[in-house]
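Survey of secondary and tertiary structure
This is what each chain is made of:
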Amino acid sequence: PDGYLLTNNHVIEDATDVVVSFFDGREFKGTVIGRDKHTDIAVLKIEKTGLPSVPLGDSDAIDVGDWVVAIGNPFGLSHTVSAGILSAKGRTRDDVKGLDPSGYFNFLQTDASINPGNSGGPLLNVRGEVVGINAAVRANANSIGFAIPINMVKQLLPTLLRDGKLRRSAIGVEVDPLNSVDAGRLHRPDRKGAWVTRVLAGGPAERAGISADDVIVSFDGKPIEGPNELRWLASIAGVNKVATVRVARAERTFDLRVTLGELADQGDSDDER
């Protein structure tokens, strides 16, 4: 209602001017309030109040098979609505291809038609709540689109509104998923967790006592299924936060307290977490 709008960073990243167009033909100059290329999120503001708005829903609560509606401007066809179901959750950049290698992605997949031009539009549940921001398509497939989960967006919104950008935290390790061979070598009963392949010299993890070949199985009480979860949780926890990291080493499991550092400029690397 106060004139704030959500979109994708890639929609406005190279723009010299931003204009927000409404269905009734009105146009307003937009100001970029905050943006984050690593999650492809941007917040805009127009000088207009009393606008209709849509509530932000709960993307964790939506299930595969639930009906969803996508709105956007595919191929310049403004205010197009398409419907489908939620096809999958937890898709990564490996499933979409061609995305920022240093980005954080946990996409909702849908067969509601999403095409170039849908970017930045809402993915809605049947109650009219936003559960995602339409962001990407699989170029070599029909009717496979991807949306950023709105719960991911909600975690970043307060910082983007306040500071305009994000200051990410890091443990100071490089991690990989466990394969069956290394899970056996490390005495793990399954392949869950983030396998530490390198500890950055002088970093928070080294100071806390984390070693190469440790497997991080939880971060601040949240179970870690794989490297992507650890990377995301560590990045948003906060610089200088003291986090409890549960480590499996050989046949022992124990907790370590890690004071998180600041993540260096990511550039095009996804190594440090």
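This structure is a prediction, so every number in the text was calculated from the model and none was measured.

Okay, the sheet that holds strand S3 (residues 27-36) next. The strand order across the open sheet formed by four strands is S1-S4-S3-S2, and the pairing between neighbours is antiparallel. Both outer strands of the open sheet, strand S1 (4-7) and strand S2 (18-21), are each paired with one neighbouring strand and no more. Along the sheet, successive strands turn relative to each other by an average axial angle of 40°, direction set aside. Inspection of the sheet shows S2 paired to S3 by four bridges, in the antiparallel sense. Directly across from Ser-21, in S3, lies its bridge partner Glu-27.

In total, this model carries four aromatic pairs according to the counting rule given. Taking the centre distance of 5.3 Å and the plane angle of 15° together, the rings of Phe-105 and Phe-107 count as stacked. By relative accessible area, which is 2% here, Phe-107 ends up buried. What links up through ring pairs into an aromatic cluster is the set Phe-105, Phe-107 and Phe-146. Directly above the aromatic system of Phe-22 lies the positively charged group of Arg-26, at a separation of 5.1 Å from the ring centroid. Its end group placed over the ring of Tyr-104, Arg-231 keeps NZ or CZ at 4.1 Å from the ring centre.

Our next topic: the layout of surface pockets. Picture a little ball the size of a water molecule; that probe, rolled over the atoms, points out where space is still empty. Here the largest pocket is characterised by a volume of approximately 1400 Å³. Forming the boundary of the largest pocket are 42 residues, of which Leu-5, Leu-6, Val-20, Gly-120 and Pro-122 lie nearest the centre. When contributions to the lining of the largest pocket are tallied by element, the ones reaching two or more residues are S1, helix H1 (9-12), S2, strand S4 (41-46), strand S5 (67-72), strand S8 (122-124), strand S9 (130-137) and helix H3 (150-163). In terms of residue class, the lining of the largest pocket is built from 25 nonpolar, 13 polar and four charged. Of the pockets and cavities examined, the second largest pocket occupies roughly 810 Å³. If you trace the second largest pocket, you find 31 residues lining it, with Phe-105, Asn-106, Asn-228, Glu-229 and Trp-232 closest to the centre. Elements supplying a minimum of two residues to the lining of the second largest pocket: strand S6 (80-91), helix H2 (93-96), H3, strand S12 (173-176), strand S15 (222-223) and helix H6 (227-236). In terms of residue count, the dominant contributor to the lining of the second largest pocket is H6 (six residues).

Its identity is not glycine, yet Phe-75 carries a phi of approximately 55°, on the positive side. Summarising the element assignment, Phe-75 is placed in the loop between S5 and S6. You can call Phe-75 exposed: its relative accessible area is 60%. In the Ramachandran plot, His-79 falls in the positive-phi region, its phi being about 55° despite a non-glycine side chain.

This paragraph deals with the nonpolar core. One finds Ile-148, Ile-171, Val-173, Ile-210, Phe-219 and Leu-230 to be the most contacted residues of the largest nonpolar core, which totals 44 residues. Discounting residues that sit within four places of it in the chain, Ile-148 has contacts with Asn-8, Thr-39, Asp-40, Ile-41, Phe-107, Val-131, Gly-132, Ile-133, Ala-135 and Val-153. Val-68, Ala-70, Leu-123 and Ala-147 belong to the second-largest nonpolar core, a separate cluster that totals ten residues.

On to H3. When the terminal C-alpha atoms of H3 are compared, their 20 Å separation across 14 residues agrees well with the 20 Å that a helix rising 1.5 Å per residue should span. In H3, a bend of some 40° at Leu-156 exceeds every other bend along the element, and Pro-158, a proline, comes one to four places later. Of the positions making up H3, those classed as buried are Ile-150, Asn-151, Met-152, Val-153, Leu-156, Leu-157 and Leu-160. Positive phi appears at Gly-164, one or two residues downstream of H3, with a value of about 80°.

What follows deals with the pattern of salt bridges. For the coordinates displayed, the defined rule picks out 14 salt bridges. Across the pair Asp-24 and Arg-26 runs a salt bridge, and its minimum N-O distance is 2.8 Å. Given the relative accessible area of 52%, Asp-24 is considered exposed. In this structure, the salt-bridge partner of Asp-182 is Arg-185, at a minimum N-O distance of 3.0 Å. Of this pair, Asp-182 and Arg-185 both sit in helix H4 (residues 180-185), separated by three residues, roughly a single helical turn. By relative accessible area, Arg-185 is classed as partly exposed at 42%.

Reading the values: the criteria
Residues numbered from 1 in each chain as written. Predicted model: local features only at pLDDT ≥ 70, side-chain atom pairs only at ≥ 80, totals over all residues. Heavy atoms only, no water. Pairing = 2+ DSSP bridges. Helix = DSSP H or I, 4+ residues; strand = E, 2+ residues; numbered from the N terminus. Axes fitted to C-alpha atoms, helices over the stretch in contact; angles between N-to-C directions. Phe/Tyr/Trp six-rings, centres within 6.5 Å; stacked < 30°, edge-to-face > 60°. Buried < 20%, exposed > 50% of the residue type's maximum accessible area, 1.4 Å probe, protein only. Lys NZ or Arg CZ within 6 Å of the ring centre and 35° of its normal. 1 Å grid on protein atoms, 1.4 Å probe; cavity = no way out; pocket = protein on both sides within 12 Å on 5 of 7 lines; lining within 4 Å. Points joined across faces, edges and corners; volume = space filled by probe spheres on them. Nonpolar A, V, L, I, M, F, W, Y, C, P; charged D, E, K, R; others polar. Core = buried A, V, L, I, M, F, W, Y, C linked by side-chain atoms within 4.5 Å. Contact = heavy atoms within 4.5 Å. Expected span 1.5 Å × (residues − 1). Bend = angle between axes of the 7 residues up to and from the residue. Salt bridge = Lys/Arg side-chain N within 4 Å of Asp/Glu carboxyl O.

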